[in-house]
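# Chain and residue survey
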Amino acid sequence: MTETGPVQMPFGAYHKRDVPAHDPELTEVQPGSPMGEYMRRFWHPVCLSEELTDVPKLIRILGEDLVAFRDRSGRIGVLQRHCSHRGTSLEYGIIQPKGIRCCYHGWVYDIDGTILEMPTEPEGSRIYDTVVHGAYPAFERSGLVFAYMGDPEEKPEFPEYDSFTRPEGTKIVAFSNIYPCNFLQAFENVADHFHTAILHNGMTVDTLDEATKKSITLGGFVGLPTVHWEAARDGNGLMFVSCRRNPDNQTFWVRSIELSFPNFIQFGALYGAARRQRHSTVALSRWHVPVDNHNVILFGWRHFNDEVDPDGEGDESRCGYDSIDFLEGQTGGGATRMASGPLATGRP
Ligand code: FES
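Residues numbered from 1 in each chain as written. Predicted model: local features only at pLDDT ≥ 70, side-chain atom pairs only at ≥ 80, totals over all residues.

Attention now goes to unusual backbone geometry. With an omega dihedral of -5°, the bond running from arginine 166 to proline 167 counts as a cis peptide bond. For proline 167, the position within the fold is in the loop between β11 (144-148) and β12 (171-179). Cis geometry marks the peptide bond from phenylalanine 261 to proline 262; its omega dihedral reads 10°. With respect to the element layout, proline 262 can be found in the loop between β17 (252-260) and β18 (264-267). For arginine 233, which is not a glycine, the phi torsion comes out positive at approximately 50°. Locating arginine 233 in the fold gives a position in the loop between β15 (226-232) and β16 (237-245). Residue arginine 233 is classed as exposed on the basis of its 12 C-beta neighbours within 10 Å. (Helix = DSSP H or I, 4+ residues; strand = E, 2+ residues; numbered from the N terminus. Buried ≥ 20, exposed ≤ 12 C-beta atoms within 10 Å, placed from the backbone.)

By the burial criterion, the buried members of helix α4 (residues 183-191) are Phe183, Ala186 and Phe187. On an axial view of α4, the arc spanned by its buried residues comes to 100°, and they lie on one face. Those residues of α4 that are buried lie in contact with β12, β19 (284-290) and β20 (296-304). (Arc of directions from axis to C-beta. Contact = placed C-beta atoms within 7 Å.)

With that settled, the discussion passes to the nonpolar core. Core analysis: the largest hydrophobic core is formed by 60 residues, its most contacted members being Val46, Ile61, Ala68, Val78, Val145 and Ala147. Two domains each provide a minimum of three residues to this core, namely domain 1 (43-149) and domain 2 (162-345). (Core = buried A, V, L, I, M, F, W, Y, C linked by C-beta atoms within 7 Å. Domains from an automatic or database assignment.)

Next up on the list: the environment of isoleucine 100. Within the secondary structure, isoleucine 100 is located in strand β6 (residues 100-101). Counting along the chain gives 44 residues from isoleucine 100 to proline 56, while the straight-line C-alpha distance between them is 8.6 Å. The contact partners of isoleucine 100, leaving out residues within four places of it in the chain, are Pro56, Phe69, Asp71, Gly77, Leu90, Gly93, Ile94, Ile95, Val108 and Tyr109.

Turning to the environment of phenylalanine 261, a few remarks are in order. Along the chain, the position of phenylalanine 261 falls in the loop between β17 and β18. For phenylalanine 261 and glycine 237, which are 24 residues apart along the polypeptide, the C-alpha to C-alpha distance reads 5.2 Å. When residues no more than four places from it in sequence are discounted, the contact partners of phenylalanine 261 are Asn236 and Gly237.

With that settled, consider the pairing of β15. Buried residues are scarce in β15, accounting for zero of its seven residues. Pairing analysis gives seven bridges linking β15 to β16, with the strands arranged antiparallel. The residue bridging histidine 228 from the neighbouring strand is valine 241, located in β16. Remark: four residues form the turn of the hairpin made by β15 and β16, two consecutive strands paired antiparallel; arginine 233 in that turn has positive phi of roughly 50°. (Pairing = 2+ DSSP bridges.)

Right under this line is the structure:
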């Protein structure tokens, strides 16, 4: 059928049943895939610091099954899941003062994958010289564990944005939310900014009553914005500014948002109270980290300070695994809850 034929007819679903396939070049992230190899050129969060307890944490990132742990010396390890000896899952490993011990025959791996002990092998075994378990470099920062999963020869410096340390006195709170969609679906949603006026219509927004100098709650991320997009970072990013007329019909709320490819975003103020200011710093830094080709975890930092949250509307206790405080009251029932069940734990 052609576009001018029956396909466009009313009650024409019969002619539109084919679902477009995903674009593997942009959305598949397994080793060797174009986007997967591109993603591996960057540092990504892989879990929250608080998820590293006295037992190893099984994670899946970029389609790879891994085990993350903090050894009893405080060092972070991110190792391939299956033991180099006979494939036991290191999820069941025992955390050591230095490294992790496989529960099956007791091999101990250091955080870089080198073998420290092999209690079942004869003294002088050549395995020490010939086997190194797969490991990725990792470190902790402000409640997130970052890992680099690319070619060791190409490892970049961790990018230091000024928002990570300014303004002085900012409190950073780490969070993670998992979504059952590929990373691009969640990433491009941000640049599709007009959805905020509809989907987030119920978000709490307030304005200042000039007569009483008190905040008035209006309810809603109200009003269609005017949006201007510009390419940034030599084509490796996108910056856009959205401007809304405030309900007082005299002032405007201007927000700026930056997307740095392939998966990093920084947002301006999230709360309506910030409308009273001409400018605010970053309120949220977020990495969209593919679990695999069908799931993504949004890891990030919330920045709490007087510029982005002048009235203290934020609720740090709701910046955790499965809820988002600034979506409180959003229309559409249940939209403040993320995926539940096994996905919510970040477990493969
Ligand atoms: S399977 Fe891990 S030590 Fe044997």
